[in-house]
Amino acid sequence: MITIFVEEKNGTRTPIEVPTDMNLSLMEILKASEYSIPATCGGMALCATCHVQVVEGEAFKQATETEWDMFDTLPAVPEGSRLACQIRLTDEMEGIVIRPLVLED
Ligand code: FES
């Protein structure tokens, strides 16, 4: 298990305990933790509705080429942008801080 932190718009950081032995994506964890990210494409890197920003965790701020194919279609891509469905949770991610950028009301 590792602990990651989800930063809300108001700056509050909520810790979430996540297993790293189930090959789960960050998108799946956020949904399971009742963050209402739409994740419309179901994790295929095709919708960008799981867009998050890695606030702390330098090693995980680099989006992959697949992610950039999607980010290139967006009007705003802040530093540290990632698609949560493309991030697999590993032990090295202990303590990272992420900020969801697309939440349903
Ligand atoms: S769920 Fe669609 S891009 Fe991640």
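Residues numbered from 1 in each chain as written. Predicted model: local features only at pLDDT ≥ 70, side-chain atom pairs only at ≥ 80, totals over all residues.

### What about the overall build of the protein chain?
Along the protein chain, the regular secondary structure elements total two helices and five strands. Along the three orthogonal principal directions, the C-alpha set of the protein chain runs to about 35 × 30 × 25 Å. Looking at the protein chain residue by residue over its 105 residues, the buried ones come to 27%. Taking the intrachain contacts of the protein chain between residues at least 6 apart in sequence as the baseline, contacts between residues at least 24 apart amount to 64%. (Helix = DSSP H or I, 4+ residues; strand = E, 2+ residues; numbered from the N terminus. Buried ≥ 20, exposed ≤ 12 C-beta atoms within 10 Å, placed from the backbone. Contact = placed C-beta atoms within 7 Å.)

### What to know about the pairing of strand 3 (residues 51–56)
On a regular strand, each side chain points to the face opposite its neighbour's, so the side chains alternate between the two faces of the sheet. For strand 3 and strand 4 (residues 81–83), the ladder comprises three bridges, and the chain directions are antiparallel. Residue pairing across strands places Gln53 opposite Ser81, the latter belonging to strand 4. Pairing between strand 3 and strand 5 (residues 97–100): four bridges, direction antiparallel. Looking across to strand 5, one finds that Val52 is bridged to Pro100. (Pairing = 2+ DSSP bridges.)

### So, the nonpolar core
For soluble globular proteins, the rule of thumb is that nonpolar side chains tend to be buried together. In terms of nonpolar packing, the biggest core is built from 23 residues, with Leu26, Met27, Cys50, Val52, Ala84 and Ile98 touching the most fellow members. Mapped by element, the contributors of at least two residues to this core are strand 1 (2–7), helix 1 (26–32) and strand 3. Here the element with the most residues in this core is helix 1; it accounts for four residues. Look past the residues within four positions of Leu26 in its chain and what remains in contact with it is Val52, Ala84, Ile87, Leu89 and Ile98. (Core = buried A, V, L, I, M, F, W, Y, C linked by C-beta atoms within 7 Å.)

### Looking at the sheet that holds strand 2 (residues 13–18)
What the five strands build is an open sheet, ordered 2-1-5-3-4; its pairing is mixed. Every other strand in the sheet has two partners, leaving strand 2 and strand 4 as the edge strands with one partner each. Averaged over neighbouring strand pairs, the angle between their axes works out to 40 degrees when direction is ignored. (Axes fitted to C-alpha atoms, helices over the stretch in contact; angles between N-to-C directions.)

### Concerning unusual backbone geometry
A negative phi holds for most residues other than glycine; trans holds for most peptide bonds. Notably, Asn23 is not glycine yet its phi reads approximately 55 degrees, a positive angle. One can find Asn23 in the loop between strand 2 and helix 1. Unlike most non-glycine residues, Ala39 shows phi in positive territory, near 45 degrees. Note that Ala39 resides in the loop between helix 1 and strand 3.

### Some details on the environment of Glu67
Here Glu67 lies in helix 2 (residues 65–71). Considering only alpha carbons, one finds Glu67 and Glu8, 59 residues apart in sequence, at a separation of 23 Å. Leave out the neighbours within four places in its chain, and Glu67 touches Ala45, Arg82, Leu83 and Gln86.

### A few points about the environment of Thr49
Along the polypeptide, Thr49 turns up in the loop between helix 1 and strand 3. Those residues in contact with Thr49 that sit more than four places away from it in its chain are Ile37, Pro38, Ala39, Thr40 and Val102.

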